[in-house]
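Given next are the chains, with one letter for each unit.
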Amino acid sequence: MPPDPAELDRRHLWHPFTQMREWQSGHPVVIVEGDGALLRDSNGREYIDGNSSIWTNLHGHRCAAIDDAIRDQLGKIAHSSFLGLTNEIAPRLAERLLRWINGGPRAEPGGWKVFFSDDGSTAVEAGLKMIHQARQQRGEPERRVYLSLAAGYHGDTVGAMSLGHSRLFHSAYRSLLFETRETMTPFCYRCPHNRAKPVRGSDARDSRQCNWECVGEVETALDDLGTAASAFVIEPLVQGAGSMAMHPSGYLRRVADLFKGSGVWLFLDEVFTGFGRTGPMFAFQKEEVRPDLVALAKGFTGGYLPLAATVATQEIFEAFLGDYAEYKTFFHGHSYSGNPLGCAAANASLAIFEGEDTLASAAANGSCLGELIQRFWGHPNVGDVRREGTICAIELVADFATRARFDAAARIGFRVCEASRDFGLITRPIGDVLLLMPPYCTTRKQLEQAVDALWRALNVVLPFA
Ligand code: PLP
């Protein structure tokens, strides 16, 4: 008998974002196979992958085109260094990606440079170092301060944590982090300036009553900082780990307008929102803004392999050009930069977008989910039901009228997601916010099953008459 992986895991492993004492006394689900939107465990049970394997998977598991592309690449070489060499596939991928950044597969690819790394955190870390160094090399060393949003999450490396503002995730590391200027999150449901009372069945963004104080805060920060301001870093449209805070339409456009002519750069963290999650290929395309730098990861390879990109304008890139002895080089990189297997997967994923009009099917999938989740308004402890593209969030509250939260120690969201496994759904909450965003290939029937499983699980944990 081969050793029981669950037992080996308990004995030897340390899992991310996991209280290991609890883990060691539990019985982990061991995933052994995937097929489209389904995950299969070691007991043969099937689950819908309700959070796309932590927001990465797009076209489903065992997607033939991506499998084949990786196999073909394996037949040539798995990895060779990107330091002092290039490979066959990374340049092709960069060109394809830049067409999409510029509007679609037939757009011209110019105006940008792509820097490859491995994960969301490394894409953000590279971006913030690029900007910092560019400022010095452009003769603007006073531009040192990053502005970023409250409840932002940009990854777990020290720089990325400095740009984020999560008390739960970052407070233990506070003394390691550098100062940034925090501005309020434009999240209408929990906004202190929104005077509208909650209304069942209505997205808080549509019924909000305010004076765009969130934009006003950015304007004040810009005035205060003057030429010390370097870049504004934001997860556009949706702050993922910050409770799936969905921004009111027009916020990004308004802040981008504030920066015009100010010399402050717009640094978009599209690690989560990229590759169709919010509707268009990239969230910034929804509000027609032009960023100066974009960080991409997660869905880049269709959810197959760790590959990330930091995409910078030609203007930023040119700050690094010079003679060798000027030492303007970007002194940053990773052993697996431009990894051919990752690039092959990403290239195949983009080819699927082009050949199968994935954005249209994702949009249809998103509106179907949007209709199905309206059912949650029928539960008294549901405070908000929100959706952006294929991302759905259901926020649970102790009191609908006051939006009061449950005691965090009660772990309501966690318990609902645990219970949903019994009904064939795997997803992971953020606090008491339940998430549904299965891969784009999920069938209508599977979407119905997923919503039904979450609804039944909610009613196990919080039954109502
Ligand atoms: N940026 C955003 C917006 C994210 O949501 C995440 C991860 O959830 C990251 C960065 C970090 O990405 P990774 O976990 O791949 O390092």
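Along each chain, the written sequence defines residue order, and numbers are assigned to residues from 1. With the structure being a predicted model, the display of local features is reserved for residues of pLDDT at least 70 and the display and counting of side-chain atom pairs for 80 or more, all residues being used for whole-chain, interface and lining totals. Just so you know, side-chain values use all the structure's heavy atoms and leave hydrogens and water out.

### Section: the overall build of the protein
Here comes step 1: Per the convention used, a helix needs a DSSP run of H or I reaching at least four residues, while a strand needs a run of E reaching at least two, with both numbered from the N terminus. Secondary structure summary: the protein contains 16 helices and 16 strands in total.
Here comes step 2: What the globule rule says is 2.2 Å times the number of residues to the power 0.38, and the radius of gyration is computed from C-alpha atoms. The C-alpha atoms of the protein give 22 Å as radius of gyration, which agrees with the globular expectation for 465 residues (23 Å, within 12%).
Here comes step 3: Projecting the C-alpha coordinates of the protein onto the three principal axes gives extents of approximately 70 × 60 × 45 Å.
Here comes step 4: Of the accessible surface of the protein, which amounts to about 20600 Å², a share of 53% is contributed by carbon and sulfur atoms.
Here comes step 5: Measuring between centres, the 47 positive side-chain charges of the protein sit 3 Å from its 55 negative side-chain charges. To measure how exposed things are, a 1.4 Å probe is used in the Shrake-Rupley method; for residues, cover is taken only from the protein chains shown. Here Asp and Glu are counted as negative and Lys and Arg as positive; His is not counted, and neither are the chain ends. Here the site of a charge means atom NZ of a Lys, CZ of an Arg, CG of an Asp or CD of a Glu.

### Observations regarding the sheet that holds strand E4 (residues 112-117)
Here comes step 1: Strands are treated as partners if at least two bridges between them are detected by DSSP. Read from one edge to the other, the open sheet built from seven strands follows the order E4-E12-E11-E10-E7-E5-E6, with strand pairing classed as mixed. At either margin of the open sheet sits one strand with a lone partner, and together these are E4 and strand E6 (181-183). Each adjacent strand pair in this sheet contributes to an overall mean axis angle of 20°, direction not counted.
Here comes step 2: As judged from the four bridges shared by strand E5 (residues 145-149) and strand E7 (residues 229-234), these two strands associate in the parallel manner. Note on E7: the bridge partner recorded for serine 148 is valine 233.
Here comes step 3: The sheet strands contacting helix H9 (residues 213-225) are E5, E6 and E7, and the helix crosses E6 at an angle near 160°.
Here comes step 4: Note on definitions: a residue-residue contact is assigned when non-hydrogen atoms from the two residues lie within 4.5 Å. Between N-to-C directions, angles span 0 to 180 degrees; the directions come from axes that are lines fitted to C-alpha atoms, helices contributing only their stretch in contact. With respect to the sheet, helix H10 (residues 251-259) is in contact with E5, E7 and strand E10 (265-269), its orientation differing from that of E7 by roughly 170°.

### Things to note about the side chain of asparagine 365
Here comes step 1: Along the chain, the position of asparagine 365 falls in helix H14 (residues 358-372).
Here comes step 2: Think of it in three bands: residues with accessible area under 20% of the maximum for their type are buried, residues over 50% are exposed, and the middle band is partly exposed, with areas taken using a 1.4 Å probe on protein chains only. Residue asparagine 365 is classed as buried on the basis of its relative accessible area of 5%.
Here comes step 3: With near-sequence residues (within four places) excluded, asparagine 365 lies in contact with Pro439, Tyr440, Thr442 and Leu447.

### Describing the pairing of strand E2 (residues 38-41)
Here comes step 1: Side chains Leu38 and Arg40 project from E2 onto one buried face, and the interleaved Leu39 and Asp41 project onto a second face that is buried too.
Here comes step 2: Counted along the chain from strand E1 (residues 31-35) to the antiparallel partner E2, the turn is two residues long, and its residue glycine 36 has a positive phi close to 60°.
Here comes step 3: Both E2 and strand E3 (residues 46-49) contribute to a ladder of three bridges, which runs antiparallel. From the neighbouring strand, leucine 39 faces E3, where its bridge partner is tyrosine 47.
Here comes step 4: Here E2 hands over to E3 after four residues, with glycine 44 in that stretch at a positive phi of 85°.

### Examining unusual backbone geometry
Here comes step 1: Not every positive phi belongs to a glycine, and serine 53 is a case in point at roughly 50°.
Here comes step 2: The residue serine 53 is located in helix H3 (residues 52-55) in this model.
Here comes step 3: Here the phi dihedral of arginine 403 falls at roughly 65°; this positive angle occurs in a residue that is not glycine.
Here comes step 4: Assignment of secondary structure puts arginine 403 in the loop between strand E14 (391-396) and helix H15 (412-421).

### Some remarks on the site of the ligand
Here comes step 1: A single heavy atom is enough: if one lies within 4 Å of a molecule or strand, its residue is considered near that molecule or strand. Looking at the ligand, the residues that line it are Trp55, Asp119, Gly120, Ser121, Tyr153, His154, Gly155, Glu235, Asp269, Val271, Phe272 and Lys298.
Here comes step 2: Distance and chemistry together define a polar contact, namely a pair of N or O atoms within 3.5 Å, with one atom able to donate a hydrogen and the other to accept it when in protein, and with adjacent residues in sequence counting only for side-chain atoms on both sides. At 2.7 Å from a nitrogen atom of the ligand is found a side-chain nitrogen or oxygen belonging to aspartate 269.
Here comes step 3: Bound to the protein, the ligand loses 85% of the 390 Å² it would expose on its own.
Here comes step 4: Residues are grouped as follows: nonpolar covers Ala, Val, Leu, Ile, Met, Phe, Trp, Tyr, Cys and Pro; charged covers Asp, Glu, Lys and Arg; every other residue, Gly included, is treated as polar. Considered class by class, the residues forming the shell around the ligand number four nonpolar, four polar and four charged.

### Observations regarding a nonpolar patch on the surface
Here comes step 1: A cluster of nonpolar side chains, namely Val158, Tyr173 and Leu176, defines an oily patch on the protein surface of about 270 Å² accessible area.
Here comes step 2: Checked against the element boundaries, tyrosine 173 lands in the loop between helix H8 (167-170) and E6. To count toward a patch, a residue needs a relative accessible area over 30% and no salt bridge; like charges are then connected within 9 Å, while nonpolar side chains (Val, Leu, Ile, Met, Phe, Trp, Tyr) are connected within 5 Å. The term salt bridge refers to a side-chain nitrogen of Lys or Arg lying within 4 Å of a carboxyl oxygen of Asp or Glu.

### Focus on the sheet that holds strand E13 (residues 382-388)
Here comes step 1: Here three strands make up an open sheet; going across it, the order is E13-E14-E16 and the pairing antiparallel. Two strands lie at the open edges of the sheet, namely E13 and strand E16 (433-436), each paired on one side alone. Strand-to-strand, the axes of this sheet are offset by a mean angle of 15°, without reference to chain direction.
Here comes step 2: As paired strands, E14 and E16 are joined by four bridges and run antiparallel to one another. In the sheet register, glutamate 395 faces E16, and the bridge partner there is valine 433.
Here comes step 3: Lying on the sheet, helix H16 (residues 444-461) is in contact with E13, E14 and E16; it crosses E16 at an angle near 160°.

### A few points about the confidence of the model for the protein
Here comes step 1: Predicted confidence across the protein gives a mean pLDDT of 97, with 100% of residues reaching 70 or more.
Here comes step 2: At the level of individual helices and strands, the protein shows its lowest average pLDDT in H8, which scores 82, and its highest in strand E11 (residues 293-296), which scores 99. The score called pLDDT rates the predictor's confidence residue by residue, from a low of 0 to a high of 100.

### A few points about the pairing of E13
Here comes step 1: In terms of residue burial, E13 counts as a mostly covered element, since six of its seven residues are buried.
Here comes step 2: Both E13 and E14 contribute to a ladder of six bridges, which runs antiparallel. Paired with valine 385 across the bridge in E14 is isoleucine 394.
Here comes step 3: Between E13 and E14, which follow one another and run antiparallel, lie two residues, and glycine 389 among them has a positive phi close to 60°.

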